[in-house]
Amino acid sequence: MTETTGDTGHVYLVRHGKTGLNAGHYIRGHANPALDQAGLVEAHALATVLATKRLVQVISSPLDRAADTARIIAETSRVPHSTDDRFTDRDYGPWTGYSEFTVAGRWGSPGQAPGVEGTESVLARARPALDAVLDTAPGGPVAVVTHNAVIRALLADLAPGRFRPNDPVTF
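In the nomenclature of an unreviewed UniProt entry, the protein is known as Histidine phosphatase family protein of Arthrobacter livingstonensis.

Laid out in structure tokens, this is it:
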């Protein structure tokens, strides 16, 4: 979970809970695996923490792993949940389902492999979505549940020099 602040309040950038593909280090992208048992436990634990922040809204990627994490957070905080396609994970194209280690070994990182949606493209859709959240947040903190590649691109844009879009970020 990462926190950013705008004129209207706080936004918590939240990565979805684990899936079987995460656990196996397989590239997810637009694949749509459900949360596994560990991911459900993570989502409930984070929901308990975020409930203390007095969220007013939860927005997520429409992919099941993010939307299910967001629904758990929203239900725990008793706030509305909506989805925004602009927070969808990076499209890894032909590499979806491949081992992260295999792709990284060949191309340096999955984000650098041919046929993968570029960081600029991810940022071109995710930054306006984040800006819209900051501009329209209904008077309190909002959680945005999305994906690692989206969060990394946003952090690199929000804090240049501190983060690079292909660096691993530990949450």
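Further notes follow.
1. Side note on the overall build of the protein
Secondary structure summary: the protein contains six helices and five strands in total. Relative to the globule expectation of 16 Å for 171 residues, the C-alpha radius of gyration of the protein, 15 Å, shows essentially globular dimensions. Principal-axis analysis of the C-alpha atoms gives the protein an extent of 45 × 35 × 25 Å. A buried classification covers 48% of the 171 residues belonging to the protein. For the protein, contacts bridging at least 24 residues in sequence account for 68% of all contacts bridging at least 6. Summed over its atoms, the accessible surface of the protein is roughly 8,100 Å², and 52% of this surface lies on carbon and sulfur atoms. Averaging the coordinates of the 16 positive side-chain charges in the protein and doing the same for the 18 negative ones gives two points 4 Å apart.

2. Details of the confidence of the model for the protein
Residues of the protein with pLDDT of at least 70 account for 90%, and the chain-wide mean is 90. Highest mean pLDDT in the protein belongs to helix 3 (residues 64–77) (98); lowest belongs to strand 1 (residues 2–6) (49).

3. Topic: the UniProt feature "binding site: substrate" (unreviewed entry) in the protein
Following the UniProt record, the feature "binding site: substrate" (unreviewed entry) maps to R15, H16, G17, K18, T19, G20, L21, N22 and R65 here. Along the chain, the position of G17 falls in the loop between strand 2 (9–15) and helix 1 (20–23). Apart from the residues lying within four places of it in its own chain, the contact partners of G17 are N22, L35, G39, E42, R65 and T69. Within the element layout of this structure, N22 appears in helix 1.

4. Examining the nonpolar core
One finds V11, L13, F87, V133, V144 and L154 to be the most contacted residues of the largest nonpolar core, which totals 19 residues. When residues of this core are traced back to their parent elements, those giving at least two are strand 2, helix 5 (119–136), strand 5 (142–146) and helix 6 (148–158). Of the residues forming this core, the biggest block, seven residues, is contributed by helix 5. One finds V14, L55, A70 and I72 within the second-largest nonpolar core, a separate group that totals 17 residues.

5. Quick word on the environment of K53
By the secondary structure assignment, K53 is in the loop between helix 2 (37–51) and strand 3 (57–60). Expressed as a C-alpha distance, the spacing of K53 and S99, which sit 46 residues apart in the sequence, is 36 Å.

6. Some thoughts on the environment of E100
Its location among the elements puts E100 in helix 4 (residues 100–107). In this structure the C-alpha to C-alpha distance between E100 and P110, which are 10 residues apart in sequence, comes to 6.4 Å. Sequence-distant contacts of E100, that is, excluding residues within four places in its chain, are made with H25, Y26, I27, R28 and P110.

Reading the values: rules and limits
Residues numbered from 1 in each chain as written. Predicted model: local features only at pLDDT ≥ 70, side-chain atom pairs only at ≥ 80, totals over all residues. Heavy atoms only, no water. Helix = DSSP H or I, 4+ residues; strand = E, 2+ residues; numbered from the N terminus. Rg over C-alpha atoms; globule rule 2.2 N^0.38 Å. Buried < 20%, exposed > 50% of the residue type's maximum accessible area, 1.4 Å probe, protein only. Contact = heavy atoms within 4.5 Å. Areas by Shrake-Rupley, 256 points an atom, 1.4 Å probe, with all protein chains shown as cover. Lys, Arg positive; Asp, Glu negative; His and termini not counted. Charge placed at Lys NZ, Arg CZ, Asp CG, Glu CD. pLDDT = per-residue confidence, 0-100. UniProt positions renumbered as here; feature names shortened; annotations may be inferred. Core = buried A, V, L, I, M, F, W, Y, C linked by side-chain atoms within 4.5 Å.

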